[in-house]
Amino acid sequence: MGVFLDTNVVVYAFDGAEPAKKRIAIEILEAGDRLVVSTQVLLETWWVLARKLGIPLADDSASKVVEELSSLPVVSTDPELVRRAIDAGRRFHIAVWDALIIEAARTGGCRRILSEDLNSGQDFDGVTVENPFTV
């Protein structure tokens, strides 16, 4: 079974404002414990790195990060995944974007999601969220 990475875990590896979280995120990425991402995570990662953290676009560093992440198993967002995310959002009373992460993790064969944004410890029909930044 793989471990699904939410965008925030990846972004913290590049965010100098949170040194403790940066160290943990780097450890997770370097451990490589059968990590899985989705096309949503790839796009959000690029957006946050390039636009919010201000990683210089001139050298295309944000795109290089996405390229490296693309070497991991990537779950593509297709119409069926969107339909399942909409259903999951309704069932669990969560935002469709969060439901898309959960359903992408399920599609990728992951029983764990590492995320700071979802409720740590919550189980979504066999997919459990863990916040790697809580001690």
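The model shown is predicted, which means the values in this text are computed figures rather than measured ones.

Digging into the overall build of the chain
Line of reasoning, step 1. Check the secondary structure of the chain and you find six helices and six strands.
Line of reasoning, step 2. Along the chain, from the amino end to the carboxyl end, the secondary structure elements read β-α-α-β-α-α-β-α-α-β-β-β.
Line of reasoning, step 3. In terms of overall size, the chain behaves like a compact globule, its C-alpha atoms giving a radius of gyration of 14 Å where 135 residues would be expected to give roughly 14 Å.
Line of reasoning, step 4. Seen along its three principal axes, the alpha-carbon backbone of the chain occupies a region of about 40 × 35 × 25 Å.

Concerning helix H4 (residues 61-69)
Line of reasoning, step 1. Looking only at H4, the buried set comprises Ala62, Val65, Val66 and Leu69. Angularly, the buried residues of H4 cover 100° about the axis, an arc narrow enough to put them on a single face. Among the exposed residues of H4, those oriented more than 90 degrees off its buried face are Glu67 and Glu68.

Brief notes about the nonpolar core
Line of reasoning, step 1. Membership of the largest hydrophobic core comes to 42 residues, with the highest contact counts inside it found for Phe4, Leu5, Ile28 and Ile113.
Line of reasoning, step 2. With six residues, the single largest contributor to this core is helix H6 (residues 96-107).

Observations concerning the sheet that holds strand S2 (residues 35-38)
The strands making up a sheet associate through backbone hydrogen bonding, with each pair oriented either parallel or antiparallel.
Line of reasoning, step 1. With respect to topology, six strands assemble into an open sheet ordered S3-S2-S1-S4-S6-S5, the strand pairing being mixed. The open sheet terminates on both sides in strands that have one partner only, identified here as strand S3 (74-75) and strand S5 (123-124).

Remarks on the pairing of strand S6 (residues 127-130)
Line of reasoning, step 1. Across the two faces of S6 the burial differs, with Val127 and Val129 buried and Thr128 and Glu130 not buried at all.
Line of reasoning, step 2. Between S5 and S6, which pair antiparallel in sequence order, lie two residues; one of them, aspartate 125, sits at a positive phi of approximately 50°.

Things to note about the confidence of the model for the chain
Line of reasoning, step 1. Summary statistics for the chain give a mean pLDDT of 91 and a share of 92% for residues scoring 70 or more.
Line of reasoning, step 2. Within the chain, no element has a lower average pLDDT than H4, which sits at 87, and none a higher one than S3, at 98.

Brief notes about the pairing of strand S1 (residues 2-5)
Line of reasoning, step 1. Because side chains alternate across S1, one face comprises the buried residues Gly2 and Phe4, and the other comprises Val3 and Leu5, equally buried.
Line of reasoning, step 2. Sheet analysis places S1 next to strand S4 (residues 110-114), joined by four bridges and oriented parallel. Counterpart to glycine 2 in the pairing with S4 is cysteine 110.

Description of the pattern of salt bridges
Line of reasoning, step 1. Applying the stated criterion to the full structure yields eight salt bridges.
Line of reasoning, step 2. For aspartate 87, the salt bridge is made with arginine 91, and the minimal N-O distance between the two is 3.2 Å. You can see aspartate 87 and its partner arginine 91 sitting in helix H5 (residues 79-92), four residues apart, about one turn around the helix.
Line of reasoning, step 3. A relative accessible area of 39% places aspartate 87 in the partly exposed class.
Line of reasoning, step 4. Each of Arg84, Glu103 and Arg106 takes part in a single network of salt bridges with overlapping partners.

Rules and cut-offs
Per chain, the residues get numbers from 1 upward, laid out in the order the sequence is written. Two thresholds apply to this predicted model, a pLDDT of at least 70 for residue-level local features and 80 or more for giving and counting side-chain atom pairs, whereas whole-chain, interface and lining totals are computed over all residues. Hydrogens and water are ignored here; the side-chain numbers use all heavy atoms of the structure. Put simply, DSSP H or I for four residues or longer makes a helix, DSSP E for two residues or longer makes a strand, and each gets a number counted from the N terminus. Computation of the radius of gyration draws on C-alpha atoms alone. For the globule rule, the value is 2.2 Å times the number of residues to the power 0.38. Residue exposure (1.4 Å probe, protein chains only): buried if accessible area is under 20% of the type maximum, exposed if over 50%, otherwise partly exposed. In this description, the arc belongs to the directions extending from the helix axis to the C-beta atoms. Buried Ala, Val, Leu, Ile, Met, Phe, Trp, Tyr and Cys residues that are joined via side-chain atoms within 4.5 Å together make up what is termed a nonpolar core. We call two strands paired when DSSP finds no fewer than two bridges between them. Predictor confidence is given residue by residue as pLDDT, running from a minimum of 0 to a maximum of 100. Here, a salt bridge means any Lys or Arg side-chain nitrogen found within 4 Å of an Asp or Glu carboxyl oxygen.

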